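Report on the structure
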Amino acid sequence: MMFNMLAGFLFCLLLVVPQDTHASIGMKAPEFASAVWINSGPHSLSDLRGGVVLVEFWTFGCFNCRNVEPQVKQWHRSYADQGLVVVGVHSPEFAYEKNVEAVKKYVQERGIHYAVTIDNDFSTWNSYGNRYWPAMYLIDKHGIIRYVRVGEGGYKETEQLIRTQLAETP
């Protein structure tokens, strides 16, 4: 019985923190590689130092990404004035998702107001060693990754960690 519980815990841990990521908890977060941005000018993590950053890898054709989207938008609305910066990294799964105008249209139609960078060549994706849509990386005020979430769910846990990071002094 104890073995089954431990095995279940380890399996869940593997779902939350993938073992094959290059950018993992406790490491300095890689910079954004794209020059194409929607809803803002280009950001760099060094410019955002002192704030908490939520990096979300997504693509507009991904059903799971669409399911996560309302929660990410809510966190942006609730915590932006407290120092949370949300950056959506749009990394296309299919050729039609590489169309920047289509991404802009989706962002406008869906009311996404946070910064979105276009990662058609997967430069940012690869620097994070990311492998999943959606995936979220919570970066603290010093530029260190404090949390990784892959897939849907874990919203209460993620929000609590956002609040904890916002409350910490730089």
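Structural data are supplied above this passage.
First, a word on scope: everything that follows refers to the structure included in this document. (Residues numbered from 1 in each chain as written. Predicted model: local features only at pLDDT ≥ 70, side-chain atom pairs only at ≥ 80, totals over all residues. Heavy atoms only, no water.)

Concerning helix α6 (residues 155-167)
With 13 residues, α6 ought to run about 18 Å at 1.5 Å a step, and its terminal C-alpha atoms sit 18 Å apart, in line with that. Every buried residue belonging to α6 is among T158, E159, I162, Q165 and L166, and all of these are buried. The arc that holds every buried residue of α6, seen down its axis, measures 125°, which confines them to one face. In α6, those exposed residues whose orientation departs by more than 90 degrees from the buried face are K156 and A167. Turning to α6, the residues buried within the fold contact β2 (52-58), α3 (63-79), β3 (84-90), β5 (135-139) and β6 (145-150). (Helix = DSSP H or I, 4+ residues; strand = E, 2+ residues; numbered from the N terminus. Expected span 1.5 Å × (residues − 1). Buried < 20%, exposed > 50% of the residue type's maximum accessible area, 1.4 Å probe, protein only. Arc of directions from axis to C-beta. Contact = heavy atoms within 4.5 Å.)

A word on the pairing of β6
Where burial is concerned, most of β6 is hidden: five out of the six residues are buried. In terms of strand pairing, β5 meets β6 through five bridges, oriented antiparallel. Counterpart to A135 in the pairing with β6 is V150. Here β5 hands over to β6 after five residues, with G143 in that stretch at a positive phi of 85°. (Pairing = 2+ DSSP bridges.)

Examining the environment of I38
The topology assignment puts I38 in strand β1 (residues 37-38). In the structure, I38 is positioned 79 residues away from T117 in sequence and 6.2 Å away in space, judged by C-alpha atoms. When sequence neighbours within four positions are dropped, the list of residues in contact with I38 reads V103, K104, V107, Y114, A115, V116 and I118.

Quick word on the side chain of E69
Inspection of the secondary structure puts E69 in helix α3. Judged by relative accessible area, E69 falls into the buried class, the value being 3%. The residues contacting E69, other than those within four sequence positions of it, are Y106, R110 and I112.

Considerations on the sheet that holds β5
Strand order in the open sheet formed by six strands is β1-β4-β3-β2-β5-β6, with mixed pairing between adjacent strands. Edge positions in the sheet fall to β1 and β6, since each of these pairs with one other strand and no more. Direction of pairing for β1 relative to strand β4 (residues 115-118): antiparallel, over a ladder of two bridges. For W37, the partnering residue across the bridge sits in β4 and is T117. Sheet strands in contact with α6 are β2, β3, β5 and β6, and its direction is about 165° off that of β6. (Axes fitted to C-alpha atoms, helices over the stretch in contact; angles between N-to-C directions.)

Some remarks on the nonpolar core
Most often, soluble globular proteins have nonpolar side chains that are buried together. Grouped together as the largest cluster of nonpolar side chains are 25 residues, with contacts concentrated most on W58, W75 and L84. Counting residues per element, the ones that place at least two in this core are β2, α3, β3, α4 (100-109), β4, β5 and α6. The leading source of residues in this core is α3, at five residues. Core analysis: the next-biggest nonpolar cluster, separate from the first, contains 21 residues, W37, V55, F122 and V150 among them. (Core = buried A, V, L, I, M, F, W, Y, C linked by side-chain atoms within 4.5 Å.)

With respect to the pairing of β2
For β2, the tally of buried residues reaches seven of seven residues, placing the bulk of the element in the interior. The two faces of β2 match: V52, L54, E56 and W58 on one face and V53, V55 and F57 on the other face are all buried. Bridge count for β2 against β3 is seven bridges, and the pairing is parallel. Directly across from W58, in β3, lies its bridge partner H90. Read as a crossover between parallel neighbours, the route from β2 over α3 to β3 is right-handed. Bridging between β2 and β5 involves five bridges; their strand directions are antiparallel. Each bridged residue has a counterpart across the sheet, and for E56 the counterpart in β5 is M136. (Right-handed = clockwise from strand over helix to strand, strands pointing away.)

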